[in-house]
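# Structural features, examined
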Amino acid sequence: MNKKEVFKLAKGFRGRAKNCIRIARERVEKALQYSYRDRRNKKRDMRSLWIERINAGTRVHGVNYGNFMHGLVKENIQLNRKVLSELSMHEPYSFKALVDVSRTAFPGNKSLPSAPKKEGLSILV
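About the thresholds
- Residues numbered from 1 in each chain as written.
- Predicted model: local features only at pLDDT ≥ 70, side-chain atom pairs only at ≥ 80, totals over all residues.
- Heavy atoms only, no water.
- Patch = residues over 30% accessible without salt bridge, like charges linked within 9 Å, V, L, I, M, F, W, Y side chains within 5 Å.
- Areas by Shrake-Rupley, 256 points an atom, 1.4 Å probe, with all protein chains shown as cover.
- Salt bridge = Lys/Arg side-chain N within 4 Å of Asp/Glu carboxyl O.
- Helix = DSSP H or I, 4+ residues; strand = E, 2+ residues; numbered from the N terminus.
- Buried < 20%, exposed > 50% of the residue type's maximum accessible area, 1.4 Å probe, protein only.
- Axes fitted to C-alpha atoms, helices over the stretch in contact; angles between N-to-C directions.
- Parallel < 35°, antiparallel > 145°, perpendicular 65-115°, else oblique.
- Left-handed = near helix turned anticlockwise from the far one by under 90°.
- Contact = heavy atoms within 4.5 Å.
- Phe/Tyr/Trp six-rings, centres within 6.5 Å; stacked < 30°, edge-to-face > 60°.
- Lys NZ or Arg CZ within 6 Å of the ring centre and 35° of its normal.

Turning to a nonpolar patch on the surface, a few remarks are in order. Residues Met1, Leu9 and Leu32 make up a contiguous nonpolar surface patch of about 290 Å² in total accessible area. As for its position among the elements, leucine 9 is in helix H1 (residues 3-9). Owing to a relative accessible area of 43%, leucine 9 belongs among the partly exposed residues under this scheme.

Printed below as a string of structure tokens:
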């Protein structure tokens, strides 16, 4: 990588990392390593975020994430996690229909026991 390219990539860095070629080259190389690593980590983070959203949406309807996904696989419904998380947030009725389909497909999808209601708090509300 020549000097011109290094300084172009080092634009916006602090201190001598933007105008001293030796330091700029080291900082640019490290920045490129970080960007390579974080492009992969971004995919991992987004997948875990989608799973969290789907899990929250399914638990509202009394099913956990694993059983919900297993029911969808058994019914051969091929929606990816990104679409399912969008449905759980923005289309609750459509998502409820998917939960019902998953529940009928997999007998393990029985309603989860709800937390016992505390009667003392109902007076305050």
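Don't stop here, the text continues.
Below, the discussion takes up the packing of helix H2 (residues 21-60) against helix H4 (residues 81-90). With their axes 8 Å apart at the nearest point, H2 and H4 run at an angle of 40 degrees to one another. Classified by the interaxial angle, the pair formed by H2 and H4 is oblique. Crossing geometry of H2 relative to H4 is assigned as left-handed. Of the residues in H4, those in contact with Arg47, Trp50, Ile51, Arg53, Ile54 and Gly57 of H2 are Arg81, Lys82, Leu84, Ser85, Glu86, Ser88 and Met89.

Inspection of the secondary structure puts alanine 17 in the loop between H1 and H2. For the pair alanine 17 and phenylalanine 7, spaced ten residues apart in sequence, the C-alpha to C-alpha distance is 9.0 Å. Excluding anything up to four places from it in sequence, alanine 17 contacts Ala10, Ile23, Ala24 and Arg27.

With that settled, consider the packing of aromatic side chains. Summed over the entire model, instances satisfying the criterion amount to one aromatic pair. Ring centres 5.4 Å apart and planes at 50 degrees place the aromatic pair phenylalanine 68 and phenylalanine 95 in the tilted group. Residue phenylalanine 68 is found in helix H3 (residues 65-74), and its partner phenylalanine 95 is found in helix H5 (residues 92-105); the two are separated by 27 residues along the sequence. For phenylalanine 95, a relative accessible area of 1% translates into the label buried. Between arginine 40 and the ring centre of tyrosine 36, over which it is positioned, the NZ or CZ distance is 3.9 Å.

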